[in-house]
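Each chain is listed here by its residues.
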Amino acid sequence: VIDSLDELRLLTPELLRHRRQVLALKQFFAARRTTVLFLDESAKGPGEPQLQSLVHGVIALDVLPASPGSPRRRLRVVKMRGRSVQGGDHDFRIVTGGLEVFPRLVSPVRRRSADSGATLGGVQGLDQLLGGGLRRGGSTLLVGPAGTGKSTVAAQYAVAAARRGERAVLFCFDEAVDVLAARCRSLGLPLEDLETQEKLALRSIDPAGTSPGEFADAVRREVEGRGASLVVIDTLEGWASGLGESSGAKVHLRELMGWLGGSGVTAVFVSAGDGPSIDAGRLAEAVVSFGRFEGGGEVRLGAGVSKNRSGPHERRPREVRFDQGGLWVGEPLAGTSSTAGGDHARGDA
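Below, the structure is looked at part by part.

Conventions adopted
Residues numbered from 1 in each chain as written. Predicted model: local features only at pLDDT ≥ 70, side-chain atom pairs only at ≥ 80, totals over all residues. Heavy atoms only, no water. Helix = DSSP H or I, 4+ residues; strand = E, 2+ residues; numbered from the N terminus. Polar contact = N/O pair within 3.5 Å; in protein donor to acceptor, adjacent residues only side chain to side chain. Contact = heavy atoms within 4.5 Å. Core = buried A, V, L, I, M, F, W, Y, C linked by side-chain atoms within 4.5 Å. Buried < 20%, exposed > 50% of the residue type's maximum accessible area, 1.4 Å probe, protein only. Phe/Tyr/Trp six-rings, centres within 6.5 Å; stacked < 30°, edge-to-face > 60°. Expected span 1.5 Å × (residues − 1). Salt bridge = Lys/Arg side-chain N within 4 Å of Asp/Glu carboxyl O. Pairing = 2+ DSSP bridges.

**Considerations on the side chain of Thr 235**
For Thr 235, the location among the structural elements is in the loop between strand E12 (228-234) and helix H9 (236-241). Here Asp 174 takes part through its side chain, which lies 2.3 Å from a polar atom of the side chain of Thr 235. Each residue touching Thr 235, except ones within four places of it in the same chain, is listed here: Phe 173, Asp 174 and Val 270.

**Notes on the nonpolar core**
Formed by 37 residues in total, the largest nonpolar core has its most connected members in Leu 142, Leu 170, Leu 191 and Leu 200. A total of 8 residues in this core trace back to one element, the largest contributor, which is helix H5 (residues 150-163). For Leu 142, the contacting residues outside a window of four places in its chain are Lys 150, Val 153, Ala 154, Val 268, Phe 269, Val 270, Ser 271, Val 288 and Phe 290. In this structure, Val 169, Phe 173, Ala 249 and Phe 269 belong to the second largest nonpolar core, which totals 33 residues.

**Observations concerning the environment of Thr 140**
Along the polypeptide, Thr 140 turns up in strand E9 (residues 139-143). Sequence-wise, Thr 140 and Ala 286 are 146 residues apart; in three dimensions their C-alpha atoms are separated by 4.7 Å. Apart from residues lying up to four places away in sequence, Thr 140 is in contact with Leu 134, Ala 267, Val 268, Phe 269, Ala 286 and Val 288.

**With respect to the packing of aromatic side chains**
Enumeration according to the criterion identifies 3 aromatic pairs in this entry. With 5.2 Å between their ring centres and 75 degrees between their planes, Phe 28 and Phe 29 make a pair best called edge-to-face. Considering the side-chain rings of Phe 171 and Phe 215, the 5.1 Å spacing of their centres and the 80 degrees angle between planes classify their relative orientation as edge-to-face. Residue Phe 171 is located in strand E10 (residues 167-172), and its partner Phe 215 is located in helix H8 (residues 212-225); the two are separated by 44 residues in the primary sequence.

**Here we look at H5**
Taking 1.5 Å of rise per residue, 14 residues should cover 20 Å, and H5 covers 20 Å from first to last C-alpha, within 8% of that figure. The element H5 is largely enclosed, with a buried count of 13 among its 14 residues.

**Looking at the pattern of salt bridges**
Counted by the stated rule, this structure contains 22 salt bridges. Of the charged contacts in the structure, one is a salt bridge between Arg 203 and Glu 222, with a shortest N-O distance of 3.0 Å. With Arg 203 in strand E11 (residues 200-204) and Glu 222 in helix H8, this pair connects stretches of sequence that are 19 residues apart. A salt bridge links Arg 300 to Glu 298, with the shortest nitrogen-to-oxygen separation between them at 3.5 Å. The exposure class of Glu 298 is partly exposed, given its relative accessible area of 45%.

**Some remarks on the pairing of strand E13 (residues 266-271)**
Counting buried positions over the 6 residues of E13 gives 6, a clear majority of the element. Of the two faces of E13, the one holding Thr 266, Val 268 and Val 270 and the one holding Ala 267, Phe 269 and Ser 271 are both buried throughout. Two strands pair when backbone bridges link them, and E9 and E13 are joined in this way by 5 bridges, in the parallel orientation. Paired with Ser 139 across the bridge in E13 is Ala 267. Pairing of E12 with E13, which is carried by 5 bridges, proceeds in the parallel orientation. When the sheet's bridge partners are listed, Val 231 is paired in E13 with Ala 267.

In structure tokens:
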């Protein structure tokens with residue numbers, strides 16, 4: 001390891017002579033089959049292209065300002081002779097004992113075939129909204145104002161998957177997992193019990209202290225290492241707040257959706273719709289909108305499907321309610337009047 005080339009430049013300020021000295025060093029070590037690492041803090045200087053042409057590989061390291069949260073470190077393989085490399089920027093952390101590198105997600109060349117059929121939520125009216133449930137291996141966006149039931153519906157799909165013997169994981173950015181578990185427990189959704197049985201996982205994520213690459217690596221480990229078939233990300237605004245650069249949010253989201261879909265994983269994204277525009281509705285295969293309406297002199301909750309690439313879906317919204325019996329979804333609404341009928345997703349469903 002030679003640390004650094006900046007010191008050698010001080011000895012030979014002429015660019016041509018400096019290049020000859022580096023070339024002589026390269027030939028000397030190559031003759032002795034020695035691996036050499038040159039450290040260079042002035043990689044953007046005028047001699048960069050000439051020096052990079054001499055070496056076999058170039059790895060560029062960078063650190064982004066801490067806005068918000070901790071500084072974000074990333075690396076990029078600019079050049080590596082004789083082998084294929086994974087392009088793009090990759091986040092990494094300096095930890096006790098070395099480095100933790102988080103390669104960016106790349107969609108598989110060949111998509112993994114998902115099981116046939118749909119991912120059901122255990123509530124007939126909810127599944128009927130989407131024409132039979134969520135498509136396996138597809139991505140669904142649940143969007144609406146705060147307090148309209150998006151997180152609870154996402155938890156309902158996770159619980160239903162866990163009860164079928166599949167593994168589900170919920171990544172929570174805005175709400176503490178114990179608060180979510182307590183709220184869902186009152187609705188007959190035993191998240192904590194299923195987590196104890198290792199059928200479901202609750203992961204609390206600090207967006208200010210977690211880089212996009214580190215989060216993507218956590219998703220990868222849940223899918224590849226633990227066999228998760230359903231992933232919930234709640235919320236997209238919380239996830240995007242840790243990026244520190246809104247321009248990269250669309251790219252990261254596209255990579256995440258593409259990798260999950262290519263791995264045959266059903267993805268559910270929750271959004272309040274009040275954060276930075278990252279075109280989540282355009283990228284997702286299905287969009288379920290939640291809102292409030294007036295009926296019978298009361299403020300009620302409703303949900304409707306505004307988009308579903310996988311097939312036909314209901315054009316009319318349905319009323320949604322939450323009580324101790326669980327999630328209740330009524331019949332399609334003809335207007336703003338209250339609905340009759342519906343079904344519950346109870347704890348023993």
